[in-house]
Structure formats: structure tokens, C-alpha cells
Amino acid sequence: MDMLHLVDPLPAHCILPPPHRHLLPHGRGGGIKDEDGCWAQPGGHTLASLPVIHHFIRQQVRHISLLIPNVPLLSRKTTAATRGNHRYKIYAEGFTWSVSLKYILSCGSLALMINPQYEDFFSRGLLPRKHYWHTRSDNLCESIKFAVDWGNEHPIEAEGIGKEGQAFMQDLDMGRVYEYMYHLIVEYSKLQDFKPVPPPSAHETCERSILCFADKQQSGFLENSYALSSSSLPCTLGQPDRNFINSWLQEKQKRVDSLQELEMSRLLSG
């Protein structure tokens, strides 16, 4: 299929000019330069770096070359930071859940989510047309084109949605995320009908035993992702509020239906 070239793209090379690269948080292990001489950040610092980077990108002049399937969207040399140099970002699942949603939202671009079938640990809190734009999967190309046309006609509102999605990710507290993981594991363990026992061939490992197999760059990433034990006990898991959950799901579906009606009215009007 031919490329749908909507507007001209901006180059996706190192976003920050050399005088400003020192503003990126390098963490304990320091930054690592990529093959283009740009500072590459370990995964644990990428989300923190993105708002600093995009402070130097004027939203009013951000554009995109929106590509249709079978045409590569971005150069293979891009990083999580440089991929944010676009007005729109498309989130598409594969055969299963995709890890990229949190990075796409953190860019501050208007995220076009193609009718997701899976939930991330935070995605249930997202609302269409507040944190992202819901696009249909049954009429994909037309749905994406409509979203981009709408965004070009309403640039302030489109930018606001992108900023809301970015703020949502920035407000995630890692302490709460770890508590969620803890309760998730505990609840899953209650479903087990056996007690896990280490096999005879198992060996206990320590921090140094993991680092010794890593090269210098990998060691830097591992050290920057190191998490200390919490000084407080995890929160208490309360009973689910079914009324709140149902109300939230209804509001989410109402917003999806509203966007689909808006899209259909545009298609019917030509």
C-alpha cells in the first residue's frame, strides 16, 4: 500500500543540541553514548528523561509522516527519547500485550491506541479523549486518518490529550507499582494447589554473580535499575468497589462510543 504522507517529518537525530545534553539525568552509572554520539539512558531513567528532552521541542511545529502498514514508521537507530519527536504516536498490540504503551504515553504526543485487547497494570486508569485517542481496528486506515485529520484541525486539544497522557505516566509512583506487584503475586499464590520447592540442581545467586556475566554497558543498566527494599510495609489490599469499577467502565465505553460516532458522522458527510 502506498504511503499516506500527511505532513513533513522532523529529523529524529539527537534531539538535544550538545550544550543541553548535560541536563539529562545520568543516574549512578553515568550516561552511555550511542553510535551517533547521543546519550543513551538505561530503561529506568528513560521516562524521567523524556519531559526534559521534550521541553526543547516546540509542540507547535511537531509533525509526522504517518505511514500505513508495511512501510517502516521510524529509523532503526531511534531511541525511546527520539521517537517522541512526532505529533502522533500509534500504539498497536501484536498477538499479545505490548510493553511499549508506557513509553508512547510518556512522549507527550497524541497516542492513537488501536482498540486494545489487553490491559497493562496501569492502562485501566486511562480514558479515551483524555489520555489517548481510541482508533478502530475494523477500519484501521480510515480510523487513523480521521484521528490525524481531527488532530490537525484541533491542535490545542490534541496537544492537551498528549500532555494528559504524559502527566498520567509521570504521576505513577513506583512504590505503589511495587505494592501492586506484591499483591498480585500474593493473590496468584492463593490459587496454587502445591507448594513450590527449589529443585536439587538449584543454586542461590547473589548480586555480584549476575553482574559478573554482564559487560560494562549491561552492568551500567543493571546497576541503574537496582531497587532498594522498602522501609515501610505494603499497603493493605481492600475489597473491590464494584460500583466504582462499573461506573468507570461505563464512562470508558461511553467515550469510545462517542469517538466512533464522531468518526462515522465524518465519514458519512464525506
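Sequence order sets the numbering: in each chain, residues are counted from 1 along the sequence as written. Selection of residues for local features in this predicted model requires a pLDDT of at least 70, selection of side-chain atom pairs for listing and counting requires 80 or more, and totals for whole chains, interfaces and linings are taken over all residues. By convention in this description, side-chain values take in all heavy atoms of the structure and omit both hydrogens and water.

J.: So what exactly am I meant to see when it comes to the overall build of the chain here?
T.: The helix and strand labels rest on DSSP assignments: H or I over at least four residues marks a helix, E over at least two residues marks a strand, and numbering proceeds from the N terminus. Counting its secondary structure elements, the chain contains eight helices and five strands. Across the chain, helices and strands are ordered from the amino to the carboxyl terminus as β-β-α-β-α-β-β-α-α-α-α-α-α. What makes two residues a contact is simply this: any of their non-hydrogen atoms within 4.5 Å. Put simply, 64% of the contacts in the chain that link residues at least 6 apart link residues at least 24 apart. Methods summary: accessible areas were calculated by the Shrake-Rupley approach with a probe of 1.4 Å, and residue burial reflects only the protein chains presented. For the chain, the exposed surface amounts to about 17500 Å²; the carbon and sulfur share of it is 57%.

J.: Could you clarify how one ought to interpret the pairing of strand β3 (residues 88-91) in this entry?
T.: Remember that side chains alternate between the two faces of the sheet whenever the strand is regular. Paired strands, in this sense, are two strands between which DSSP finds at least two bridges. Sheet analysis places β3 next to strand β4 (residues 110-114), joined by four bridges and oriented parallel. Note on β4: the bridge partner recorded for Lys89 is Ala111. The handedness rule is simple: strands pointing away from the viewer, and a clockwise path from the first strand over the helix to the second, make the crossover right-handed. In the classification by handedness, the crossover that spans β3, the intervening helix α2 (residues 101-106) and the parallel β4 is right-handed.

J.: Even after reading the chapter, I still don't get the environment of Asp215, so can you show me in this structure?
T.: Counting through the fold element by element, Asp215 comes out in the loop between α6 (207-211) and α7 (216-224). When its relative accessible area of 41% is taken as the criterion, Asp215 is described as partly exposed. Any pair of N or O atoms that falls within 3.5 Å is considered a polar contact. Within protein, one atom must be able to donate a hydrogen and the other to accept it, and sequence-neighbouring residues count only if both atoms are side-chain atoms. Among the polar contacts listed, one links the side chain of Asp215 to the backbone nitrogen of Gln218, at a separation of 2.7 Å. We call a residue buried when its accessible area falls under 20% of the maximum for its residue type, exposed when it is over 50%, and partly exposed in between, using a 1.4 Å probe and counting protein chains only.

J.: Looking at this structure, I do not really get the packing of aromatic side chains. What am I missing?
T.: Centre-to-centre distance and the angle between the planes together describe a pair of aromatic rings. For Phe, Tyr and Trp, where Trp contributes only its six-membered ring, two rings pair if their centres lie within 6.5 Å, and the inter-plane angle classes them as stacked under 30 degrees, edge-to-face over 60, or tilted in between. Considering all chains together, one arrives at five aromatic pairs under this definition. Arranged with centres 6.1 Å apart and planes meeting at 50°, the rings of Trp133 and Phe146 form a pair that is tilted. Of the two residues, Trp133 sits in strand β5 (residues 133-135) while Phe146 sits in helix α3 (residues 140-153), which places them 13 residues apart along the sequence. Assessed through its relative accessible area of 5%, Phe146 is described here as buried.

J.: Could you clarify how one ought to interpret the nonpolar core in this entry?
T.: One broad trend across soluble globular proteins is that nonpolar side chains are buried collectively. Ranked by size, the top nonpolar core spans 13 residues in total, and within it Leu110, Leu112 and Trp133 carry the most contacts. Those elements that place two or more of their residues in this core are β4, α3 and α4 (155-170). In terms of residue count, the dominant contributor to this core is α3 (five residues). Not counting chain neighbours up to four residues away, the residues in contact with Leu110 comprise Arg87, Tyr88, Lys89, Trp133, Ala158, Ile161 and Gly162. In terms of nonpolar packing, the next biggest core, distinct from the first, is built from 10 residues, Met113, Phe122, Leu126 and Met169 among them. Residues belong to one nonpolar core when they are buried, are Ala, Val, Leu, Ile, Met, Phe, Trp, Tyr or Cys, and are joined through side-chain atoms within 4.5 Å.

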